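Given next are the chains, with one letter for each unit.
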Amino acid sequence: MAKAKLEELESPAMLEEFYRQMVFIRRFEEKCNVAYRLGKIGGYMHTAVGMEVTPVGFNHVLKPTYDYIITAYRDHPQPLLLGSDPVAVMGEIMGRSAGLSRGKGGSMHVYDIEKGFFGGWGIVGGHIPLGAGLAFGSKYKGEDRVTLCLLGDGAANQGVVFESMNMAALWDLPIIFAIENNEFAMGTRLEYHAADTELYKRGEPFGIKSERVDGMDILSFIKDAKRIVDWVRKEQKPFVMEIMNYRYNGHGAADNDRQLYRTKEEEAAAEKRDPIARLEKVLIDRNIMNREKMEAIDEELTDQVEAIYEAADASPFPDASEVYANVYTDMDPEKGH
Amino acid sequence: MATIEMTYRDAISKVLAEEIEHDENVLIMGEDIGRYQGTFRVTQGMFEKYGGKRILDTPITEAGFTGIAIGAAMVGLRPVVEMMTMSFSILAMDQIINHAAKIHYMTGGQAKVPLVVRGPGGAAKQLSAQHTHCLEGWYAHAPGLKVVAPATAVDAYGMLRTAIRDDNPVIFTENPGLYTIKGEIPDDKDFSIPFGKAQILHEGNDVSLIGYSRMTQVNLAAAEALEKDGISAEVVDVRSLSPLDMTTINASVAKTHRAVVVYEDWKFGGFGGEIAARIGEESFDELDAPVVRCGGLNVPTPYARNLELECIPDVDDVIAAVRKLS
Ligand SMILES: Cc1ncc(C[n+]2csc(CCOP(=O)(O)OP(=O)(O)O)c2C)c(N)n1
Ligand SMILES: [Mg+2]
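Definitions and cut-offs
- Sequence order as written defines residue numbering, which begins from 1 separately in each chain.
- Chains carry letters from A onward and ligands carry numbers from 1 onward, assigned in written order.
- Local features are withheld for residues below a pLDDT of 70 in this predicted model, meaning they are given only at 70 or higher, and side-chain atom pairs are given and counted only at 80 or more; totals for whole chains, interfaces and linings count all residues.
- For the side-chain quantities, the full set of heavy atoms in the structure was used; hydrogens and water were omitted.
- By definition, any uninterrupted DSSP run of H or I lasting at least four residues is a helix, any uninterrupted run of E lasting at least two residues is a strand, and each is numbered from the N terminus.
- Burial classes: relative accessible area under 20% of the type maximum marks a residue as buried, over 50% as exposed, and values in between as partly exposed (1.4 Å probe, protein chains only).
- His is not counted, nor are the chain ends, whereas Lys and Arg count as positive and Asp and Glu as negative.
- Think of a salt bridge as a Lys or Arg side-chain nitrogen and an Asp or Glu carboxyl oxygen that are within 4 Å of each other.
- In this description, contact between two residues means that some pair of their heavy atoms is separated by no more than 4.5 Å.
- At least two bridges found by DSSP between two strands is the condition for calling them paired.
- Handedness of a crossover is defined as follows: with both strands directed away from the viewer, a clockwise route from the first strand across the helix to the second makes it right-handed.
- The rule for donors is simple: an N, O or S atom within 2.8 Å of the metal counts, and for Na, K and Ca the reach is 3.2 Å. Water is not among the atoms, so a site may look short of donors.
- If a single non-hydrogen atom of a residue is within 4 Å of a molecule or strand, that residue counts as near it.
- Nitrogen and oxygen atoms within 3.5 Å of one another constitute a polar contact, given that in protein one can donate a hydrogen and the other can accept it, and given that sequence-neighbouring residues count only through two side-chain atoms.
- For the accessible areas, the method is Shrake-Rupley and the probe is 1.4 Å, while residue cover comes only from the protein chains on display.
- Each residue gets one label: Ala, Val, Leu, Ile, Met, Phe, Trp, Tyr, Cys and Pro are nonpolar, Asp, Glu, Lys and Arg are charged, and the others, such as Gly, are polar.

Engineer: Help me out: how do you make sense of the side chain of Asp32(B) in this one?
Structural biologist: Counting through the fold element by element, Asp32(B) comes out in the loop between β2 (26–30) and α2 (46–50). Despite its burial, Asp32(B) pairs with no opposite charge, the nearest such side chain being Arg247(A) at 8.0 Å. Discounting chain neighbours no more than four positions away, the residues touching Asp32(B) are Ala185(A), Met186(A), Gly187(A), Thr188(A), Gln37(B), Gly38(B), Thr39(B), Asp57(B) and Met84(B).

Engineer: Mind showing me how you'd approach the pattern of salt bridges here?
Structural biologist: Tallied over the full model, the rule gives 55 salt bridges over all chains. For Arg102(A), the salt bridge identified is with Glu322(A), shortest N-O distance 2.5 Å. Of this pair, Arg102(A) sits in the loop between α4 (86–93) and α5 (127–140) while Glu322(A) sits in the segment after α11 (291–314), placing them 220 residues apart in sequence. Relative accessible area serves as the criterion here: at 31%, Arg102(A) is assigned to the partly exposed category. Residue Glu82(B) pairs with Arg118(B) through a salt bridge whose shortest N-O separation is 2.9 Å. One end of the pair, Glu82(B), is in strand β4 (residues 78–82); the other, Arg118(B), is in strand β5 (residues 116–120), with 36 residues separating them in the sequence. By the burial criterion, Glu82(B) is buried, and Arg118(B) matches it. Within the structure, one salt-bridge network assembled from shared partners comprises Lys14(B), Glu18(B), Glu19(B), Arg161(B), Arg165(B) and Asp190(B).

Engineer: Is there a simple way to think about the pairing of β5(B) in this case?
Structural biologist: Looking along a regular strand, one sees side chains alternate from face to face of the sheet. All names here are of chain B. The element β5 is extensively covered by neighbouring structure, given that five of its five residues are classed as buried. Pairing between β4 and β5: three bridges, direction parallel. Bridge assignment links Val81 to a residue of β5, and that residue is Val117. As a crossover connection, the stretch from β4 through helix α4 (residues 93–106) into β5 is right-handed. Relative to strand β7 (residues 170–174), β5 is paired through five bridges, and the arrangement is parallel. Note that in β7 the partner of Gly119 across the bridge is Thr173.

Engineer: Honestly, the coordination of the magnesium ion (ligand 2) in this entry has me stumped. Any pointers?
Structural biologist: When a metal carries six donors in an octahedron, the ideal angles between them are 90 or 180 degrees, while four donors in a tetrahedron ideally lie at 109.5 degrees. Residue and element names in this part refer to chain A. Coordination of the magnesium ion (ligand 2) by the protein involves Asp153 (OD), Asn182 (OD1) and Phe184 (O), with metal-donor separations of 2.1 Å. Donor residues binding the magnesium ion (ligand 2) come from one chain and are separated in sequence as D-x28-N-x1-F. Here Asp153 is found in the loop between β2 (147–152) and α6 (159–170), whereas its partner Phe184 is found in strand β4 (residues 184–185), with 31 residues between them in sequence. Residue Asp153 shares its accessibility class with Phe184, and that shared class is buried.

Engineer: For this particular structure, what's the right way to read the site of ligand 1?
Structural biologist: Taken together, 22 residues form the shell around ligand 1, and within it Tyr73(A), Arg74(A), Gly122(A), Gly154(A) and Glu62(B) come nearest. Two or more chains meet at ligand 1, and those chains are chains A and B. Between a nitrogen atom of ligand 1 and a main-chain N or O atom of Val124(A), the distance comes to 2.9 Å. A distance of 2.5 Å separates a nitrogen atom of ligand 1 from a polar atom in the side chain of Glu62(B). Protein burial of ligand 1: of its 580 Å² of free accessible surface, 95% is covered by the chains. Classifying every residue of the shell around ligand 1 gives 11 nonpolar, seven polar and four charged.

Structure, rendered in structure tokens:
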């Protein structure tokens, strides 16, 4: 996907592309949930159902595979949009040899470095200085890359976030700290974990330009994201973005207790803001697509996801020799129990 | 004494609740422990019962809230910090090792740090490389910290009480694989088990299997399997890494003349090496064979289940280690 001009971002073809990408991500994530329940995926697995606008929007305003992206463990959508082999993404999530890391990382640790996707991290906050480091590296080399560093509202409290923002401002690093505020850090609501719930303000003490944007509306989001990405690229300075969205699934596939931190009524209200349904309405209002076409697209993408899953499931578990590979670049660790 | 059967998890919950009631300065801090009832449900029901002052939900800021617990301990509180998993305590290691462990010494005894840091350590199932660390050996390396790793429900119950009432910082490591095992718990709100006492959980004459935490359960299963092959293994449950009870370990080695030290942590540089070295130094004349270690593979824990299972010592690995001795 080439970098689009602003007027192209609302063309019928572009809106259809957004729709396809968002539905594809949702069906992919839902398939992951099913596979998890079947025991085909293990460990901790987190989906981005309800949060599709962020990856799709950025995919059209960044320079995919040139710019750098780094995120936490909710990491399936980005590589899928960057053109990573979807079977390798699903294979990684399933712990198979076809996976991007040949099954050694799993759902939380998906990486496709060649495509500028740096993962895929399980320690909340841990990847944020790494993101600043990617930006430091590209700037040092005189490149004009932008680094997109995604983090959650819960992660926004970790000490390294503030340390990284300070250095990013001090050294003018071309990074977007994109805080996806989905209102929850696992089972803890925003107001119970953040003293000031307007998280975009976290950049202000460091003099970083900061802004809150709607993360449930692809049309407004894409304009905000474009403006911000273009500014960061031109100025080679950091930006803090707070993206307001919501996760419809539990925190992870093992979280079966959503009622402990939110009510059914609240979930129903959030469903009404569903970014996919919102885009469908636009498509209909503008006579770009009718329901039939949408259903046909959905069916096509569901089949596509099914085929991806089948192909990944046909891949064997990693060879036993994998266990010692890649601990070092040039030697093996001491072996045996 | 009357006893009650309960799981390892419930034994920990029980003593936490009892100590909250016993001492108004005891409080629990951690992520998702209150309203969300705890990730492993150890603090289930406690927020509702004791309120947010005693059961404190924290932001995801391990270094910060552990430091706050340490500071509060210096002025008389007795905080119990729950790490959602022990791997996250790495973020708080500066506070724990560079601060908590040294405060009593650096102040010449003026200040005490009655702190407990507890939570599950080690592998569960496919949690990958960043969530599976066994850190008890790292902590035991630091003077000033006491480190315990109970393997049974009754020990979890008795040793956590000791930890909370101890005036020193204590690392209390659980293991995700132990939470559902059951045991008999004495019905006694003052029951405690002192640190620095290993125990024999299965008597034997041919070889000592020495371990702690979940590996003690693996050793018990290995002892049973070895018995069928006519090998009589003695299972020594270390329980307390620091202080370490070499008396019980040496006595077992004096009886069996062979020792295998089993630990889940990376084999290279792990705590099992300390035990093996001490046996070598203190029981050299008793040994009929070199002490053998059986530890985790020296790799970041992989996600794929088949690779993960390769990494963690199991009954077959312990038996293979025993076979090396003959
Ligand atoms: C250092 C650390 N502490 C705790 C956890 C456990 N944990 C994983 S995700 C999470 C919540 C993070 O919430 P947020 O940053 O808002 O991201 P979201 O899951 O909403 O995308 C917690 C507490 C962890 N993985 N790492
Ligand atoms: Mg969140």
